[in-house]
Amino acid sequence: MKSFRLFAAVASAFAAAVLFAGCAGITHEPQVDMSALAAVDDNAFFDALNGIGIGKTDVDIMSDTSFTFADDDREFAVVISLDATSAKDNQYSYTRCVDEATAKALFDYYYDNYDHIFDAKEFSGISSHEVNENSAYVLIDGRYDDKTTDSYTPYHDAVYLKGDTVITVIASDYELSVEKEINDFLNALGYPHP
């Protein structure tokens, strides 16, 4: 009987060691089935913002216009673009473009700002991303430590492309309250969080 107990204890310890060793190697967020996610309209976006304390008057709204980024000369034509920054300095953006091709180009702009991070040795954390023709996403959670500037960049970010719409969420830091706000916002949209 004693030898059976000893064998059972050793087997349990071995199983636990294998389980934890397997978990330690996880470097990717679970994949997202974008086709299963509902399309988000601007009213749902406003409601989710309201749920984290951002009122409609605190949102920058652009309608039937176009914009560019300072580091890119492409012009993105939009039906509506909503941008907000929370009291925790997290950034939230909703952009419904004039067509799916413009939305894909906008997603690609954001993706290009993340793709060098995914496998960088200076990044510690987890990420998941997939790019299709009219749906795509990036989920990234962790930090990038830049030794040359002795600085870091926190990530608890998400970018989604669904049809003609791009949604971005960018964390200001990696504190629990900052991440919880982002998670609550994305939960309200029915979208997975990093």
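Here's what I pulled together on the structure shown here. Per-chain numbering applies: the sequence of each chain, read as written, is numbered from 1 onward. Residues qualify for local features only when their pLDDT is at least 70, as the model is predicted, and side-chain atom pairs are given and counted only at 80 or more; totals for whole chains, interfaces and linings, by contrast, use all residues. The side-chain quantities take in all heavy atoms of the structure and omit both hydrogens and water.

### Thoughts on the nonpolar core
Nonpolar side chains tend to gather and get buried jointly when the protein is soluble and globular. By convention a nonpolar core is built from buried Ala, Val, Leu, Ile, Met, Phe, Trp, Tyr and Cys residues, the set being connected through side-chain atoms within 4.5 Å. For the exposure calls, accessible area comes from a 1.4 Å probe over protein chains only, and a residue counts as buried if that area is under 20% of its type's maximum, exposed if over 50%, partly exposed in between. Ranked by internal contacts, the top residues of the largest apolar core, which has 29 residues, are F45, L49, Y92, Y160, F185 and L186. Working definition: helices are DSSP H or I runs of at least four residues, strands are E runs of at least two. Numbering for both runs from the N terminus. Breaking this core down by element, the ones donating at least two residues are α2 (42-51), β2 (72-85), β3 (91-97), β5 (135-146), β6 (151-162), β7 (165-170) and α4 (176-189). No other element matches α4, which puts five residues into this core. If sequence neighbours within four positions are ignored, Y160 has contacts with M34, F107, A136, Y137, L139, T165, V166, I167, L186, Y191, P192 and H193. The next biggest cluster of nonpolar side chains, apart from the first, holds 23 residues, and it includes L106, F107, Y144 and L161. Note on contacts: a residue pair is in contact if any heavy atoms of the two residues lie within 4.5 Å.

### Let's talk about the environment of S127
On the secondary structure map, S127 appears in strand β4 (residues 123-131). Between the C-alpha atom of S127 and that of P194, which follows or precedes it by 67 residues, the distance is 7.7 Å.

### A short note on the pairing of β5
Taking burial as the measure, the twelve residues of β5 include ten buried ones, the bulk of the element. Following DSSP output, two strands are said to pair if at least two bridges run between them. In this structure, β4 lies alongside β5, joined through nine bridges in antiparallel fashion. Considered in β5, the bridge of I126 is made with D141. Linking β4 back to β5 in an antiparallel pair, the connection comprises three residues.

### Describing the layout of surface pockets
As defined here, a cavity is a set of points on a 1 Å grid over the protein atoms alone where a 1.4 Å probe fits but cannot get out. A pocket is an open set with protein on both sides within 12 Å along at least five of seven lines, and residues line them when an atom is within 4 Å of a point. Grid points are joined across faces, edges and corners, and a volume is the space filled by probe spheres set on the points. As a volume, the largest pocket reaches approximately 160 Å³. Around the largest pocket sit D60, D83, A84, T85, Q91, Y92, S93, Y110, T168 and I170, which together line it. Under the grouping applied here, Gly and all other residues not named as nonpolar or charged are polar, the nonpolar ones being Ala, Val, Leu, Ile, Met, Phe, Trp, Tyr, Cys and Pro and the charged ones Asp, Glu, Lys and Arg. Taken together, the residues of the lining of the largest pocket break down into four nonpolar, four polar and two charged.

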